[in-house]
Amino acid sequence: MRGLSWMQMGPPDPILGVTEAFKRDTNPKKMNLGVGAYRDDKGKPFVLSCVRKAEALIAAKQLDKEYLPIGGLGDFTKACAQLALGANNEVLSSGRNITVQTISGTGSLRIGANFLSRFHGGSRDVYLPKPSWGNHTPIFRDAGMQLKAYRYYDPSTCGFDFRGALEDISKIPEQSVILLHACAHNPTGVDPKQEQWKEISDIVKKRNLLVFFDMAYQGFASGDIDRDAWAVRYFIEQGHNILLSQSFAKNMGLYGERVGGFTVVCKDIEESKRVESQLKILIRPIYSNPPMNGARIATTILNTPELRLLWLEEVHGMANRIIKMREQLVAGLKKSGSSHNWQHVIDQIGMFCFTGLKPEQVERLTKEFSVYMTKDGRISMAGISSGNVGYLAEGIHAVTK
Amino acid sequence: MVCTAMSLFHEVPQAAPVAVFKLSQDFNNDQFPNKVNLGVGAYRTDEGKPWVLPVVKKVEKIIVNDDTLNHEYLPILGLPEFRSSASMIALGDDSPAIHDNRVGAVQCLGGTGALKMGAEFLRRFYNGNNNTNTPVYVSAPTWENHNAVFSNAGFEDVRPYKYWDAENRGLDLAGFLGDLEGCPEHSIFVLHACAHNPTGTDPTREQWMQIAEVMMRRRLFAFFDSAYQGFASGDLDKDAWAVRYFVSLGFEMFCAQSFSKNFGLYNERVGNLTIVARDANNLKRVLSQMEKIVRTTWSNPPSQGARVVAVTLNSPVLFTEWKENVKTMADRVLLMRAQLKARLQSLGTPGTWEHITDQIGMFSFTGLNPNQVEYMVKEKHVYLMASGRINMCGLTTRNIDYVAESIHEAVTRIQ
């Protein structure tokens, strides 16, 4: 029988594979700075109070489990779009957006990629910042798009290569798709300043590019949901009809419930109806309709005033803890005697930090100190606590001195 | 400031709505007091209400009160205790294949997601590398989404195999076997494990044996769609007979399982792709490739529904309670079948109605033609699919007379 014996073993996923290796390590001082899931100061997963309260409210309602519509829970998609765009946004009042519930950020990007692949009349090229989240490339490629890059991260400053980005973007062929991280760039933590976003918007407009925002960390970056959505809202104000992916994995801690949204800002409500009909045709043969549980929790939080307030506090709290860890890490490095400039650790924002460590240094950090991170030098700040930040500082100093 | 340039999407055409959801929408908008919804495939109680299984309510309470649980990411392939217990449900916990460590699974978003993952894998790795020309056969008729799942996965040749004999209202076995004999080697066949959707007509065991013999001889790939295990006969093992028979013959095969109906977990999207490989080594490599496909589609699956199923299946007490809940549903469907047939016979409705009780599962292919269906919907406010498919769960002791009368009128007045 013609079996599958010729088929090769697939390589372990570079990001999730780190956690698997971490689990096997028996060193009591081991640290998992791989996957981006928030941890509290005791290194434990954090279930937000607003989530627990929302779950209790939902349980009391004794709801049924009937299929959701293909596009998801209506109350969720409305609240999701409002969160991103601001409740008073003209796009929402004119109804010219279509927002569908998706399987978290990945599912949202995938639906968007499939949509572009089928309907985007312009080029098949999607421009990603260099570097970008590792999964962006295979998602778009699997959907039939081609990947290109624009300069973004400057390794010499561990900061934003603003000039390089503008230069590269100014050469992107018209009607290509450009993907932008709305805030808390993954993996670098380097975000453009508002003045820089303005210039990027101008040049993107000049080049007539289709903008696809990936917003996986709204609220999580600065602690302020409106501040973190500033770039998205500015671009819309400037006339870009954007595509937008949102995730509630991090900012509500709903990781495994798979809560996300995909939005297309259309020319008018008529176009949004056509686009909606096609999104449903794309979604149905993948998973028919999305899962209820997480979307219900998110909706309950967003639409229940006390819970929404509580959520904003808790998101602020998570962001603050990360900012504190950044400060403590730099202080620890100085204390260990490091002569390098570690300012970028404080300047960067969000869950991730691009340390600037080279692959060989990363390997040593893992082998000698049981500190697990991705080869590109990215660490998840959330994996650091006041209890182990000193150990990490020593380790980083040891491999970089 | 709104962008005034020509939209990139100005040529996106309006797509037709998915028929079964449009039907429900029309039903919802209908103001007629005695309207009946025999469309979408979800269980209803005799009060016409959705039913959250008692065991599910129990388990959800357990979960919500367990402070040790959180909402962390599941592994890419899903919750391990869900995957293994779900596969055991399909194959039997005494399955030799499971014993031989050659059975694996991928937790997916419902039965649809399981079909999708299997289809994506087969398109990449089956019958060569990225061989989009491998024919995929789906029954005529079949669940309408089968076509789209496989064509969207990249298969260019999705074809029907003969299945439903409209004239005799039964299985066209000769036609089915003929297609199996005549198709290209290595073709993929999507087989309904039990309670065929939409016809409710399943092969007998002897017929399955004939089907399996041809498939083995001609090296055809068996991809089972198992959305109604337990729901068809009320007995999990009985409903899994065909799948287990194929496994016992040594097929390497897929089985897409849904827990939407038999657990009533529709909107939690609980599915499992069970993979039977020749040996553990092959299985390991298959799963590693599945991970890559999962990662670019949804990264990792939703945890809530899988947890409910895993807790239930792994507790002897809860497992027994679940089987009872499933039997409750199956029994009500059987009762409605018997009562509908009895009423049609006593009304003297032209034609034979044995098929109502010969068929099994949630659906019945009534044999009503599109004109008669239109009459039912427009004049009688009884909503069913244009194919004549009815969801038996939509019948209750309260509406069964009205439905029987409506069918009687449709058959006698409309050609």
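Residues numbered from 1 in each chain as written. Chains lettered and ligands numbered in written order. Predicted model: local features only at pLDDT ≥ 70, side-chain atom pairs only at ≥ 80, totals over all residues. Heavy atoms only, no water.

By the naming in an unreviewed UniProt entry, chain B is Aspartate aminotransferase, taken from Gouania willdenowi. Regarding chain B, the UniProt comment filed under Subcellular location (unreviewed entry) reads as follows: "Cytoplasm". (UniProt positions renumbered as here; feature names shortened; annotations may be inferred.)

As recorded in an unreviewed UniProt entry, chain A goes by the name Aspartate aminotransferase, listed as coming from Gouania willdenowi. Taken verbatim from the UniProt record of chain A, the Subunit (unreviewed entry) comment is "Homodimer." You can read under Catalytic activity (unreviewed entry) in the UniProt record for chain A the words "L-aspartate + 2-oxoglutarate = oxaloacetate + L-glutamate".

## Describing the interface of chain A and chain B
Listed as interface residues are 82 residues of chain A and, on the opposing side, 80 residues of chain B. Together, the buried faces of chain A and chain B total about 7200 Å²; carbon and sulfur atoms form 56% of this surface. Taken together, the connections running from chain A to chain B amount to six salt bridges. In this structure, the connection of chain A to chain B is made through 33 residue pairs in polar contact (both at pLDDT 80 or more). In terms of residues, the side of chain A that touches chain B owes the most to one element, helix H11 (residues 269-287) of chain A, which gives 12 residues. Residues belonging to the side of chain A that touches chain B are distributed by class as follows: 39 nonpolar, 20 polar and 23 charged. (Contact = heavy atoms within 4.5 Å. Buried area = accessible area lost by both parts, 1.4 Å probe. Salt bridge = Lys/Arg side-chain N within 4 Å of Asp/Glu carboxyl O. Polar contact = N/O pair within 3.5 Å; in protein donor to acceptor, adjacent residues only side chain to side chain. Helix = DSSP H or I, 4+ residues; strand = E, 2+ residues; numbered from the N terminus. Nonpolar A, V, L, I, M, F, W, Y, C, P; charged D, E, K, R; others polar.)

## Comments concerning the nonpolar core
Core analysis: the largest hydrophobic core is formed by 137 residues, its most contacted members being Phe223, Leu273 and Leu340 of chain B. A per-element tally of this core places helix H13 (residues 316-347) of chain B first, with eight residues. One finds Ile58, Ala221, Met373 and Met381 of chain A within the second-largest nonpolar core, a separate group that totals 67 residues. (Core = buried A, V, L, I, M, F, W, Y, C linked by side-chain atoms within 4.5 Å. Buried < 20%, exposed > 50% of the residue type's maximum accessible area, 1.4 Å probe, protein only.)

## A closer look at the pattern of salt bridges
Residue and element names in this part refer to chain B. Under the defined criterion, the tally for this structure stands at 36 salt bridges over all chains. Close ionic contact of Arg332 with Asp46 constitutes a salt bridge, the shortest N to O distance being 3.3 Å. One end of the pair, Arg332, is in helix H13; the other, Asp46, is in the loop between strand S1 (36-37) and helix H2 (54-64), with 286 residues separating them in the sequence. Given the relative accessible area of 11%, Arg332 is considered buried.

## Observations concerning the sheet that holds strand S4 (residues 146-151) of chain A
Residues and elements named next belong to chain A. Spatial strand order, S2-S10-S9-S8-S7-S3-S4: seven strands in an open sheet with mixed pairing. Single-partner strands in this sheet number two, and they are strand S2 (97-103) and S4. This sheet shows a mean twist of 25 degrees between the axes of neighbouring strands, independent of strand direction. Here helix H7 (residues 162-169) sits on the sheet in contact with S4 and strand S7 (177-181), set at roughly 135 degrees to S4. (Pairing = 2+ DSSP bridges. Axes fitted to C-alpha atoms, helices over the stretch in contact; angles between N-to-C directions.)

## Focus on the pairing of strand S3 (residues 125-130) of chain A
Side-chain direction in a regular strand flips from residue to residue, so the side chains alternate between the two faces of the sheet. Residue and element names in this part refer to chain A. Of all six residues making up S3, five are buried, and the element is well covered by its neighbours. Pairing of S3 with S4, which is carried by six bridges, proceeds in the parallel orientation. Paired with Tyr127 across the two strands is Lys148, which belongs to S4. Regarding the hand of the β-α-β motif, the stretch spanning S3, helix H6 (residues 136-142) and S4 is right-handed. Looking at chain direction, S3 and S7 are connected through two bridges and run parallel. (Right-handed = clockwise from strand over helix to strand, strands pointing away.)

## Digging into the packing of helix H5 (residues 110-125) of chain B against helix H11 (residues 280-295) of chain B
Angle between the axes and distance between the axes are the two parameters that describe a pair of packed helices. All names here are of chain B. Interaxial distance between H5 and H11 falls to 10 Å at its minimum, and their mutual angle equals 115 degrees. Judged on the interaxial angle alone, H11 and H5 are roughly perpendicular. Relative to H11, H5 is oriented so that their crossing is right-handed. Across the interface between the two elements, Met117, Glu120, Phe121, Arg124 and Phe125 from H5 touch Val286, Gln289, Met290, Ile293 and Val294 from H11. Taken together, the residues that form the contact of H5 with H11 break down as seven nonpolar, one polar and two charged. (Parallel < 35°, antiparallel > 145°, perpendicular 65-115°, else oblique. Left-handed = near helix turned anticlockwise from the far one by under 90°.)

## A few points about helix H10 (residues 230-237) of chain A
All names here are of chain A. Where burial is concerned, most of H10 is hidden: six out of the eight residues are buried. Within H10 the residues assigned to the buried category are Ala231, Val232, Arg233, Tyr234, Phe235 and Ile236. Directly after H10, the chain includes Gly239, whose backbone phi takes a positive value near 100 degrees.

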